[in-house]
Amino acid sequence: MTRRLAEVAKKVGVSEATVSRVLNGKPGVSEATRQAVLSALDVLGYERPTQLRGERARLVGLVLPELQNPIFPAFAEVIGGALAQLGLTPVLCTQTKGGVSEADYVELLLQQQVSGVVFAGGLFAQADAPHDHYRLLADRNIPVVLVNAAIDNLGFPGVSCDDAVAVEQAWRHLASLGHERIGLVLGPADHMPSARKLAAARTMGDLPDANVARAMFSIEGGHAAATRLIDQGVTGIICASDPLALGAIRAARRKGLDVPSRVSVVGYDDSAFMNCTEPPLTTVRQPIEAMGRAAVELLNAQIGGTVVPAEELLFEPELVVRGSTAQAPKA
């Protein structure tokens, strides 16, 4: 019991005495705190006290495109924790290849009568993907928040890291090191964050089409795309995710080229353990904590009946210089 009190108290950010009062049905606790404690019990896997089991937790769908890229579990941790503090229980929905689709998850969440849905990445960012399930949520007036750049006209509020600023920071960093042949490894052509990155890069300097490589978001995709760029003579590579950047480093090494003395690589996200790679990865950090909390605030406002404009909040990224970039090699 003592361990349970301590874990729940830590999760919610209140004292053990407050948790005890909630579990024992004692007065002197606000409704918001009471709901947060009950939600934390659900999230941590503890049974509610018998007298409280009749209360259904308020559920919020948290839909992620994958868990292999460590940026998505990081978003899930921030968003899930912020939801729990508001007395909302996150229902994690993760897509797998050949498994449950995003549209299937939306159907399941509607059946569960969720209070709202947060999409942290997903088909809303792909122009050529199906979007009927988003319109279904809009028709049902379900509160929704999108995390990261979306196609136009979906009608939901969102929070995004500024992709244009991210590329500008990375490009200026490589240019300051003397790199003139800079290339990009991006996602598919219909991927909105990648489109924004490409548009920004074209304003920064000479970028032939041959210096833009498309890839699936994986280490293997980064490896294949970066190989094409290295064959074009590129010495500085800007990647649309950290796994892509790790693939680019592997591609350089397979060609016998040292990183960073022969090829410099910049990632995007600053996800977990990127300071532990060899070399430690120079990358552009997304402000995950601020973005995740803002997403939950937007969702909670909608759940409370506030009309939230279908606008995008842009957050500033931060260049984190480590060991995968250096002076351009001399010709």
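Residues numbered from 1 in each chain as written. Predicted model: local features only at pLDDT ≥ 70, side-chain atom pairs only at ≥ 80, totals over all residues. Heavy atoms only, no water.

What follows covers the sheet that holds strand β12 (residues 318-320). On the basis of which strands lie adjacent, the open sheet formed by six strands has the order β7-β6-β8-β9-β10-β12 and mixed pairing. In the strand order of this sheet, the two ends are held by β7 (212-214) and β12, each with one partner. With strand direction ignored, the average angle separating the axes of adjacent strands in the sheet is 20°. Note: strand β6 (residues 182-186) against β7, three bridges, orientation parallel. The partner of leucine 186 across the bridge, within β7, is arginine 214. Sitting on the sheet, helix α10 (residues 242-254) is in contact with β6, β8 (236-239), β9 (264-269) and β10 (282-285), with an inclination near 160° to β9. (Pairing = 2+ DSSP bridges. Helix = DSSP H or I, 4+ residues; strand = E, 2+ residues; numbered from the N terminus. Axes fitted to C-alpha atoms, helices over the stretch in contact; angles between N-to-C directions. Contact = heavy atoms within 4.5 Å.)

A word on the nonpolar core. Within the largest apolar cluster, 67 residues are counted, with the highest numbers of intra-cluster contacts made by Val147, Ile237 and Val265. In terms of residues, this core owes the most to one element, helix α4 (residues 71-85), which gives eight residues. With near-sequence residues (within four places) excluded, isoleucine 237 lies in contact with Leu174, Gly183, Val185, Ala226, Leu229, Ile230, Ala248, Val263, Ser264, Val265 and Val266. Formed by 23 residues, the second largest nonpolar core is a distinct cluster that contains Val106, Leu123, Phe124 and Leu146. (Core = buried A, V, L, I, M, F, W, Y, C linked by side-chain atoms within 4.5 Å. Buried < 20%, exposed > 50% of the residue type's maximum accessible area, 1.4 Å probe, protein only.)

Scanning all chains against the criterion turns up two aromatic pairs. Judged by centre distance (6.3 Å) and plane angle (80°), the rings of phenylalanine 124 and tyrosine 134 are edge-to-face. Of the two residues, phenylalanine 124 is situated in the loop between β3 (116-120) and α6 (132-139) and tyrosine 134 in helix α6; the sequence distance between them amounts to 10 residues. Accessibility expressed as a relative area gives 0% for phenylalanine 124, which makes it buried. We classify tyrosine 134 as buried; its relative accessible area is 1%. The rings of Phe119, Phe124 and Tyr134 are connected pair by pair, giving a single aromatic cluster. The residue whose ring lies beneath lysine 197 is tyrosine 268, and the NZ or CZ to ring-centre distance is 3.8 Å. (Phe/Tyr/Trp six-rings, centres within 6.5 Å; stacked < 30°, edge-to-face > 60°. Lys NZ or Arg CZ within 6 Å of the ring centre and 35° of its normal.)

All we've got here are geometric facts, nothing functional implied.
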